[in-house]
Structure formats: structure tokens, C-alpha cells
Amino acid sequence: MKPLTEQDIRTAFVNCTKGEAKRLPVPRDLAEQPWDDLDFLGWRDPQALDRAYLVTELDGRTVGIQLRSSDVGSWQMRRSMCSVCVTTHTGGVSLMVAPKSGKAGQQGNSVGVYMCSDLACPLYVRGKKDAGAGARLHESLTLEEKIQRTVTNLAAFIAKITT
């Protein structure tokens, strides 16, 4: 992923108002992000931990989405699998819900996906971050194929938001 600026990020959001995008917290450590290892940049709102944000590149343009995560419950202490990167975690997967863009979103329609709670899917896929024993299933796919699967899964989720 190419490095993004705060302005790139703020103008990329497709499922919130321009005012909301202007006020949302952007990571202050953009220069230190491992851009070469990222298929998307995801972060949590430090003031409201149920809010999360994700920015990626799709079809040559930068797309951002706002998300809400499910409350932490006892059910999350079970082993769960991220639908985006196929990493399993104990207590590290959350239901992330995004309002749809446009009129559907204004009417309250949303879509959800089970995703790594810390939004670090690209780092788990590349082995740069460890989710613990048994987190990565043994697969015959190459690293490039695993990365492509992650990108495809994320693109399918974003397509549900924007259509």
C-alpha cells in the first residue's frame, strides 16, 4: 500500500458524512506505519473503543470505511476466525458493522463481518504479528495467494457497503 497522508485518509471515507470524516481521529504515527506490509490501514478510536476505521486502495482509489465493533462478551473467549484474513484468535475477533453508503446508510442499513479486533490482518497474514499458537492454519497457498485472498475478502465486504 502506498503511504497515506491525513488528508488522503479524511477524503477517502464512503460511509460517513464529510463532517464526521473531518472529526474522526487519524493515527498520528502515519510516517512509522509499515506501508509495504499493509493491504489496508486499520485503527481504533482511542476515545471510543467500539469505533474503528479502515482505509485501503481499491481499483486505483483510496476507500475508507467507518466501523462499529461488537461489545466484548464472554462468547469472545472462544476461538474464532477472521473472515478477512482467516486467522484464528481466542478473544481476538469482533463483529465489525459498517453503515452502508448513500441513502441505504441514511436509512440505517448496515453490513457486518467478523474481523481481527485489532485490524492487523495484513500483519498476521505476513507473519509480522503473532496471534498465538494455532492461529494460522496449515495451508498449501503461497504468501502471495494468502495476501490476494485477504484483499479479495476485504473488497467483497466493501462492495456490500457501497452497493
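No experiment lies behind these values; they were computed from the predicted model shown. (Residues numbered from 1 in each chain as written. Predicted model: local features only at pLDDT ≥ 70, side-chain atom pairs only at ≥ 80, totals over all residues. Heavy atoms only, no water.)

## A look at the packing of aromatic side chains
Evaluated as defined, the whole model comprises two aromatic pairs. Aromatic side chains phenylalanine 13 and tyrosine 53 sit 6.1 Å apart centroid to centroid with 85° between the ring planes, which places their arrangement in the edge-to-face category. Residue phenylalanine 13 is located in the loop between α1 (6-10) and α2 (18-23), and its partner tyrosine 53 is located in strand β2 (residues 48-58); the two are separated by 40 residues in the primary sequence. Given a relative accessible area of 10%, phenylalanine 13 falls into the buried group. (Phe/Tyr/Trp six-rings, centres within 6.5 Å; stacked < 30°, edge-to-face > 60°. Helix = DSSP H or I, 4+ residues; strand = E, 2+ residues; numbered from the N terminus. Buried < 20%, exposed > 50% of the residue type's maximum accessible area, 1.4 Å probe, protein only.)

## With respect to helix α5 (residues 143-162)
Taking 1.5 Å per residue as the helical rise, α5 with its 20 residues ought to reach 28 Å, and the 29 Å between its terminal C-alpha atoms agrees with that figure. By the burial criterion, the buried members of α5 are Lys146, Ile147, Arg149, Thr150, Leu154, Phe157, Ile158 and Ile161. In an axial view of α5, the angular spread of the buried residues amounts to 165°, which keeps them on one side of the axis. Buried residues along α5 sit in contact with β1 (40-45), β2, β3 (61-69), β6 (93-99), β7 (110-116) and α4 (121-125). (Expected span 1.5 Å × (residues − 1). Arc of directions from axis to C-beta. Contact = heavy atoms within 4.5 Å.)

## Quick notes on the nonpolar core
Ile9, Phe13, Trp43, Leu67, Met115, Cys121 and Phe157 are the most contacted members of the largest nonpolar core, which has 43 residues in total. At the level of elements, β1, β2, β3, β6, β7, α4 and α5 are the ones that each hand at least two residues to this core. Setting aside anything within four residues of it in sequence, one finds phenylalanine 157 in contact with Ile65, Leu67, Met96, Ala98, Val111, Gly112 and Val113. (Core = buried A, V, L, I, M, F, W, Y, C linked by side-chain atoms within 4.5 Å.)

## Concerning the pairing of β3
Relative to β3, β2 runs antiparallel, the two being bridged by eight bridges. In the strand pairing of β3, arginine 51 is matched with arginine 68. Here β2 hands over to β3 after two residues, with aspartate 59 in that stretch at a positive phi of 50°. In this sheet, β6 lies alongside β3 in antiparallel orientation, the contact comprising two bridges. (Pairing = 2+ DSSP bridges.)

## Examining the pairing of β6
Look at any regular strand and the pattern is simple: side chains alternate between the two faces of the sheet. Where β6 and β7 come together, seven bridges link them in antiparallel fashion. Note on β7: the bridge partner recorded for serine 94 is methionine 115.

## Quick look at the environment of glycine 64
Mapping glycine 64 onto the fold places it in strand β3. Accessibility expressed as a relative area gives 0% for glycine 64, which makes it buried. Between the C-alpha atom of glycine 64 and that of alanine 21, which follows or precedes it by 43 residues, the distance is 9.4 Å. Once residues within four sequence positions are removed from consideration, glycine 64 is found in contact with Ala12, Phe13, Val14, Asn15, Leu54 and Val55.

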